[in-house]
Amino acid sequence: MKALEVVRAGALTTVQDLGRPGYAHLGVPRSGALDTGARGLANRLLGNPPGAAVLETTLDGVGLRAVGGAVTVAVTGAPCAVRVCGRPAAWGAPVLLRAGEELEVGRAESGVRGYVAVRGGFAVEPVLGSRSTDLLSGLGPPVLAAGALLPVGAPGPDPDPVAGVDGLAAPGPPSELVLPLRLGPRADWFTAESVTGRLLRATYRVSAASNRIGLRMEGPGLVRAEGGGRSGRRELPSEGMVLGAVQVPPDGQPVVFLADHPVTGGYPVVGVVVGSALDAAAQVGPGGAVRFVRR
């Protein structure tokens, strides 16, 4: 059986695929790769189906060794140095690993999350139809640790030799992340000045406390309107949460929910970020600038 052995696990490396949509009514989060474009590109480069499982790295990459035979891998997402047994190898292109050879995916040069695909996909055991690691619920395979063996699935058709080239035109995060925001359903729980004069005008910074559950903001806090909870007049019962929801806890600092977000929450949602903009959110690290614009 072909496999990849984890030599160096990195700061946080998980197995991710398309996630588990459709189980929110059972209390199961969606999960899945945060940067869906980078995950898809890595799979296209190898001829894998879109749902093939990949590795998602965080900041400092990962080290892997081919076991049981040669495999072909591809690294996308945050640009970084790629080496095979110490020799430079291609980023954003198929790379052959012979049995016993080691792949070193280096520290992100810009951005946060890298993606490592293998031809045939990572064939770890699925849970509820997905191989994604969910940090919030604990479903799926464990976070990678040194010594773990990751089985490789059977390869499919040969990849298109030009697959995904356009996706490499602009790697890395923008200098300022602009998130299109649809206001509601609880925008009226905040003063008009908080929404139009702060949320939609200020520049926020990404907090170091951010993770796969949510992108936490630091900046002008939003103020509850009279009677909008925490005033003794009313409080919000728990309600359903969606990907991209911008929840505002009592400290007034917005939190943009990402793939491992909870399925319910008791703090008001001032708006929802359009899903297509969330790939870039996966690549903004602590201190990164963020602005919200009304959609």
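Preceding this paragraph is the structure being described.
So, a few notes on the structure that sits alongside this text. (Residues numbered from 1 in each chain as written. Predicted model: local features only at pLDDT ≥ 70, side-chain atom pairs only at ≥ 80, totals over all residues. Heavy atoms only, no water.)

### Quick look at helix α2 (residues 192-199)
No. 1: Taken together, the buried positions of α2 are Ser194, Val195 and Leu199. Seen end-on, α2 carries its buried residues on one side only, within an arc spanning 95°.
No. 2: Structurally, α2 contributes buried residues whose contacts are with β12 (176-183), β13 (204-206), β19 (269-273) and β20 (289-294). (Buried < 20%, exposed > 50% of the residue type's maximum accessible area, 1.4 Å probe, protein only. Helix = DSSP H or I, 4+ residues; strand = E, 2+ residues; numbered from the N terminus. Arc of directions from axis to C-beta. Contact = heavy atoms within 4.5 Å.)

### Considering the sheet that holds strand β8 (residues 95-97)
No. 1: Strand order in the open sheet made by the 5 strands is β2-β3-β10-β5-β8, with antiparallel pairing throughout. The two strands at the open ends of the sheet, each matched to only one other strand, are β2 (14-16) and β8. Averaged over all neighbouring strand pairs, the angle between strand axes comes to 35°, with direction disregarded.
No. 2: Relative to strand β3 (residues 54-58), β2 runs antiparallel, the two sharing 3 bridges. Each bridged residue has a counterpart across the sheet, and for Gln16 the counterpart in β3 is Val54.
No. 3: Contacts from helix α1 (residues 36-46) reach β3, β5 (71-77) and β10 (113-118), with the element oriented near 150° to β5. (Pairing = 2+ DSSP bridges. Axes fitted to C-alpha atoms, helices over the stretch in contact; angles between N-to-C directions.)

### Topic: the pattern of salt bridges
Opposite charge on two side chains allows them to pair when their charged atoms are near.
No. 1: Inspection of the entire model under this criterion finds 12 salt bridges.
No. 2: Among the ionic pairs, Arg65 bridges to Glu102, the shortest N-O distance being 2.7 Å. Here Glu102 lies in strand β9 (residues 102-108) and Arg65 lies in strand β4 (residues 62-67), a separation of 37 residues in the sequence.
No. 3: The class of Arg65 is partly exposed, set by a relative accessible area of 25%.
No. 4: The partly exposed category is assigned to Glu102, whose relative accessible area is 29%.
No. 5: One salt bridge in this structure joins Arg119 and Asp158, with 3.0 Å as the shortest N-O distance. Placement of Arg119 in the loop between β10 and β11 (149-151) and of Asp158 in the loop between β11 and β12 is noted, with a sequence separation of 39 residues between them.
No. 6: For Asp158, a relative accessible area of 65% gives the class exposed.
No. 7: Salt bridges here are not isolated pairs; linked through shared partners, they connect Glu56, Arg113, Arg212 and Asp260. (Salt bridge = Lys/Arg side-chain N within 4 Å of Asp/Glu carboxyl O.)

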